[in-house]
Amino acid sequence: MTTSSKNEVWKVFKRLLGYLKPLKAVLFFAVLGLTMYAVVDATFIAVIKPFIDEGFGGQASQATSAAGGALGNVDLGMSDGFESDNKVLMMAPIVVIVLFSLRGLANFLSTYCVAYMSARVILDMRQEVFEHYLKLPVSYIDSENTGNLISRVTYDTEQIARASGSALITIVRDSISVIGMIGIMFYFSWKLSLVILIVGPAIGLVISVVSRRFRKVSKNIQAAMGGVTAATEQMIKGHKNVLSFGGQETEAERFAKVNAQNRYQTMKLATAQAISQPLVMIIGSFAIAFVLYAASIDSMKAELTAGTFATILGAMLAMLQPIKNLTRVNAEFQRGIAACTTVFELLDTHPEEDNGKLEVDRVKGELAFNHVDFSYPGQDKLALNSIDFTVKQGQTIALVGRSGSGKSTIASLVTRFYSGLQAGEITLDGANIDDYKLTSLRRQVALVSQQVTLFNDSIANNIAYAYPGEASREQIIQAATLAHAMEFIEPLPLGLDTQIGENGVMLSGGQRQRIAIARAILRNSPVLILDEATSALDTESEKAIQHGLDNLRQNRTSIVIAHRLSTIESADQILVVEQGQIVERGTHVSLLEKQGVYYKLYQMQFGS
C-alpha cells in the first residue's frame, strides 16, 4: 500500500471517529467489554499449563515416587501430594465457569454498546447527508444520477455502520487476543515463539495487498448499487407507461444488466476474500509445524514440560481464528472506508452560494433583468442572450415561445436556482438579487410550475406546506376556494384531511395543479411565477382558475410562462423568446398587429 493511500485511509478513518466523539462513554464500555473478552480467552489458555503440570503431570511423577518409596519402605508424604493435585483439578471447573461467565458478560456489554454506536452513526450521518442535499445547488442535483443520490443515504451509510460496528468488534477484540496469545507464547518459551517474527510480517503483507483490492472493488460495488436503485426507481415512477407500452421485457433486461453488474462486483470481493483467508491459514500452519518439529528436538524436550508445550500449541491454535477474523473483517472495513470516502466527498461539495446580507420582510416587487447573459454549468452556448426587461409592482409579464427557448431559465434565475451570470444583473426593488440572503429572496417568491410536487400527506398539509408560522383552517379553505380546489375537495369523504398518496397519485393532473396554486395563494408572496400553471387543466377548469389567478395577481409582480396564449391575453407585457433572446415585446393587441412571431403562434393555436 502506498504512503498516500495509507494517509488517505487514515484521514477518512479519523474523520469517521469524529462521529463517535459524543459517544465517548459508550465507546469506553464497548472497548472495555471487548478487552475483557480477549483477556478471558488468553487467561483460559494460560491456565492450561498448571492444570496439566500440577494436575495430571504431578500425579504421574508422584505415582512413580510412591512406587519407589514402597520398595524402599520410605514415607514421602504421598497423601499430601495427591491432595494438592486433586485441589488443582477440583479448581478447574470453578475457574472455567467464572471465566466463561465473565466472557458472556463482556460479550453482552461490547455487543450492545457497539450496536448502539452503529445505529447512532447511521442516524447522524443519514441526517447530515439528507440535510446537505437540501443545501446543494440545483445544478448539482441535475447532474447526478438519482439512484446514486438515494444510495448515499441508504446503502453507503449502512456500509459505514458496518465499518464502525462489526469491524470494531473484530479489530479490537481479536487484535488483543492475538497480542495476548503471542505474549503467553513468549512468556513460556521465547525460543519456540521466534517463528512468529517470520510468520507475522508475511501475514501482514497479505492483508496489506488484499486491502487495496477490497477498497477498489468496494467503490465499484457502491456504483453498481446506485445503478440498481436508479433502475428500480425509474420503473416504479414510470410503471403506468411501462405497462401501457408493454415495456416489461425492456425494463427486466435493463434491471438484469445492472443487477448482474452488482453480482459481478460482489463476487470479485468474495474471491479476494476467499483467497486471502486460506492463504493466511497456510502461513499460520507453517508456524504450528515449526513448533511441533522444534518440540521433537532433544535439547528443547529438556526445557519443555507437557503443560508448557500444550499452552504454546493451544495459544497458536487459538490465534488462528482471530487472525482469520481480522482478514475477513478487512473486507468489511475497506467497504466502510470506501463508503466513507464517497459520503465525505458529497459532504465536502460546496452548498449553494449565499453571500447576500440583505434581508427584508416584504419587497414591493419591482423586478428587472438588465442585459443578462447566462449559460448552464459546463456549457459554452448561452441559454440566455442579452435579456432585458422590467416589471413594475403589480404588473404581469408573460413569456411565450417554443419549448427550450429559455422561458423557464428566466424564472429559475429569479429564485437563484442557478447563479453565475456571464453578463448583466437581475434586480429586485433596485437591489441586485445576489445581495439578498437566499431565504429572504425565496420568501418573496411563490412558484407554481408545470411539474407539481405534492407530498404523501393530507390535502390541507400540502396546501400549507412550509408556510411560515401556522396556517389556520380558514386560511387554507380560503386559498383552496380561490384556486377552485374546494369544488373537488368538499365531496371527498375526509375533505381537506384526505391523504393523497405519493406525489398526489390519488388525484388527477388538474386537481394536483389546483392544490399547487392554492399553496401559492396561501403563501401570499409579492412576486409570483406561474410556469405553465394551467397546463394540466381542462378548458372549464382553466377558465374557473383563471379568475382566481387574476385575483391572485392583484398588487403582485407576476411572471407567467405559457404555451396557451389565451391565458396571457390580459398581461401588461408579453415577451416572445426564441433561442434565449427576446425577439418581440408588447401587449397582446400590439403584437397581433405586428403580424410577427407572436401572430404566427396565435394563428397556429386559434386559426383565423
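Please read all numbers here as calculations on a predicted model, not as lab measurements.

(A) Summary view of the packing of helix α17 (residues 473-482) against helix α19 (residues 509-523). Direction vectors running N to C along α17 and α19 enclose 125°, while the axes themselves pass 8 Å from each other. Of the possible angle classes, the one that applies to α17 and α19 is oblique. As α17 runs across α19, the sense of the crossing is right-handed. Along its contact with α17, which presents Q475, I476, A479, A480 and L482, the element α19 presents A518, I521 and L522. Of the residues belonging to the contact of α17 with α19, the class tally is seven nonpolar, one polar and no charged.

(B) Molecular detail of the environment of Q603. Mapped onto the fold, Q603 is located in helix α22 (residues 597-606). Along the primary structure Q603 and L592 are separated by eleven residues, whereas in three dimensions their C-alpha atoms are 9.6 Å apart.

(C) Focus on the packing of helix α6 (residues 146-164) against helix α7 (residues 166-188). At a closest axis distance of 3 Å, the pairing of α6 and α7 adopts a crossing angle of 20°. Here α6 lies roughly parallel to α7, going by the angle between them. Between α6 and α7, the contacting residues are A161, R162, A163 and S164 on the first element and S166, A167 and L168 on the second. Split by residue class, the contact of α6 with α7 holds four nonpolar, two polar and one charged.

(D) Local environment of the packing of aromatic side chains. Applying the stated criterion across every chain yields a total of nine aromatic pairs. Both rings, one in Y19 and one in F344, keep their centres 6.3 Å apart while their planes meet at 10°; by these two values the pair is stacked. Taken together, the residues Y19 in the loop between α1 (3-17) and α2 (24-46) and F344 in helix α13 (residues 306-347) connect sequence positions 325 residues apart. Here F344 falls in the buried class, since its relative accessible area comes to 4%. An aromatic cluster of three or more residues is present, and its members are F374, Y376 and Y418. Here the guanidinium or amino end of R15 rests over the ring plane of F344, the centre of that ring lying 4.2 Å away.

(E) How the structure looks around the side chain of R519. Structurally, R519 can be placed in helix α19. Salt bridges are absent for the buried R519, whose nearest opposite-charge side chain, D457, sits at 9.4 Å. Discounting chain neighbours no more than four positions away, the residues touching R519 are T453, L454, F455, N462, I463 and Y465.

(F) Region of the structure containing the nonpolar core. Grouped together as the largest cluster of nonpolar side chains are 42 residues, with contacts concentrated most on I463, I476, I489, L496, I568, I574 and Y598. Considering each element in turn, this core owes the most residues, seven residues, to α19. Excluding residues that lie within four positions of it along the chain, I568 makes contacts with A398, V400, V560, A562, I574 and Y598. With 34 residues, the next largest nonpolar core counts Y19, L20, V129 and F333 among its residues.

The rules behind each value
Residues numbered from 1 in each chain as written. Predicted model: local features only at pLDDT ≥ 70, side-chain atom pairs only at ≥ 80, totals over all residues. Heavy atoms only, no water. Axes fitted to C-alpha atoms, helices over the stretch in contact; angles between N-to-C directions. Helix = DSSP H or I, 4+ residues; strand = E, 2+ residues; numbered from the N terminus. Parallel < 35°, antiparallel > 145°, perpendicular 65-115°, else oblique. Left-handed = near helix turned anticlockwise from the far one by under 90°. Contact = heavy atoms within 4.5 Å. Nonpolar A, V, L, I, M, F, W, Y, C, P; charged D, E, K, R; others polar. Phe/Tyr/Trp six-rings, centres within 6.5 Å; stacked < 30°, edge-to-face > 60°. Buried < 20%, exposed > 50% of the residue type's maximum accessible area, 1.4 Å probe, protein only. Lys NZ or Arg CZ within 6 Å of the ring centre and 35° of its normal. Lys, Arg positive; Asp, Glu negative; His and termini not counted. Salt bridge = Lys/Arg side-chain N within 4 Å of Asp/Glu carboxyl O. Core = buried A, V, L, I, M, F, W, Y, C linked by side-chain atoms within 4.5 Å.

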